[in-house]
Amino acid sequence: DGGITQSPKYLFRKEGQNVTLSCEQNLNHDAMYWYRQDPGQGLRLIYYSQIVNDFQKGDIAEGYSVSREKKESFPLTVTSAQKNPTAFYLCASSGDRDTEAFFGQGTRLTVV
Amino acid sequence: GEDVEQSLFLSVREGDSSVINCTYTDSSSTYLYWYKQEPGAGLQLLTYIFSNMDMKQDQRLTVLLNKKDKHLSLRIADTQTGDSAIYFCAERYRGRRALTFGSGTRLQVQP
């Protein structure tokens, strides 16, 4: 089945560590996005990529990094510079002719 | 900059209609969306409307767009307990493919 897969579903990080969240899609979509969701704040855009080997900062990129080496994959690294990383992270993708964005099931990151 | 606002909470009785409201600021919006999120899950697209339309109906869902007032609403007819979720309004404006989301409205359906 076509779709977006995020892994892991739950992730625990010690303070000072970098962690990488995986996002893979088999929808042949050019564009991929990372959003962060905090309670009562909706979704905020972290990074997005419109084509392979290219990506742009969103509204809250500080403390995060991404890569887009393959069309199917858009991993997000939460670095130790991110001061408050505990949140629910959602990956999405969209095609050229699509009006909608398709979402993965999310990764809940908790700092312990 | 662009901004999308929603009320945080709505409670209705099963069988009643629910109306969830949203306001946005960017007049160059091309598409406006309603997404549904159940606990611990990703977002599911419910419906969307092109900015030159006033209304769109899809089974129990009716979307109304007042472009002059930059107001979008989602009406759910015959609301069921399974409709309990968070509903997000989002806009896509000209020149940017990423969506801008509101803070979400939590719909609680009382049996």
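Preceding this paragraph is the structure being described.
The following paragraphs examine the structure supplied in this document. Since the structure is predicted, the reported quantities are computational estimates derived from the model, not experimental observations.

Moving on to the sheet that holds strand E7 (residues 64–66) of chain A. Residue and element names in this part refer to chain A. Taken together, the 4 strands give an open sheet; going across it, the order is E1-E3-E8-E7, and neighbouring strands pair in antiparallel fashion. Looking at strand neighbours, the two that pair on one side only are strand E1 (4–7) and E7, the edges of this open sheet. Adjacent strand axes in the sheet meet at a mean angle of 20°, parallel and antiparallel pairs treated alike. Pairing of E7 with strand E8 (residues 76–78) involves 3 bridges; the strand directions are antiparallel. Bridge pairing in E8 links Ser65 to Thr77.

The next subject is the pairing of strand E5 (residues 43–51) of chain A. Residues and elements named next belong to chain A. Judged from the 6 bridges that link them, strand E4 (residues 31–37) and E5 form a sheet pairing that is antiparallel. Opposite Tyr35, over in E5, you have Leu45 as the bridge partner. Hairpin geometry of E4 and E5 is characterised by an intervening segment of 5 residues between the two adjacent antiparallel strands and by a positive phi of about 75° at Gly40. Note that E5 and strand E6 (residues 54–57) share 3 bridges and pair antiparallel. By the bridge assignment, Tyr47 is partnered in E6 with Lys57. Remark: 2 residues form the turn of the hairpin made by E5 and E6, two consecutive strands paired antiparallel; Asn53 in that turn has positive phi of roughly 65°.

For the rest of this paragraph, the subject is the pattern of salt bridges. In this structure the tally under the stated criterion is 6 salt bridges over all chains. The partner of Lys71 of chain A in a salt bridge is Asp30 of chain A, with the nearest N and O atoms 3.4 Å apart. With Lys71 of chain A in the loop between E7 and E8 and Asp30 of chain A in the loop between strand E3 (19–25) and E4, this pair connects stretches of sequence that are 41 residues apart. Ionic pairing is found between Lys68 of chain B and Asp69 of chain B, a salt bridge with its closest N-O pair at 3.7 Å. On the accessibility criterion, Asp69 of chain B (48% relative accessible area) is partly exposed.

Attention shifts here to the packing of aromatic side chains. Residues and elements named next belong to chain A. What the rule picks out here adds up to 14 aromatic pairs over all chains. Each ring, one from Tyr33 and one from Tyr35, has its centre 6.5 Å from the other, and the planes form 35°; the classification is tilted. Given a relative accessible area of 2%, Tyr33 falls into the buried group. Owing to a relative accessible area of 2%, Tyr35 belongs among the buried residues under this scheme.

Conventions we followed
- Residues numbered from 1 in each chain as written.
- Chains lettered and ligands numbered in written order.
- Predicted model: local features only at pLDDT ≥ 70, side-chain atom pairs only at ≥ 80, totals over all residues.
- Heavy atoms only, no water.
- Pairing = 2+ DSSP bridges.
- Helix = DSSP H or I, 4+ residues; strand = E, 2+ residues; numbered from the N terminus.
- Axes fitted to C-alpha atoms, helices over the stretch in contact; angles between N-to-C directions.
- Salt bridge = Lys/Arg side-chain N within 4 Å of Asp/Glu carboxyl O.
- Buried < 20%, exposed > 50% of the residue type's maximum accessible area, 1.4 Å probe, protein only.
- Phe/Tyr/Trp six-rings, centres within 6.5 Å; stacked < 30°, edge-to-face > 60°.

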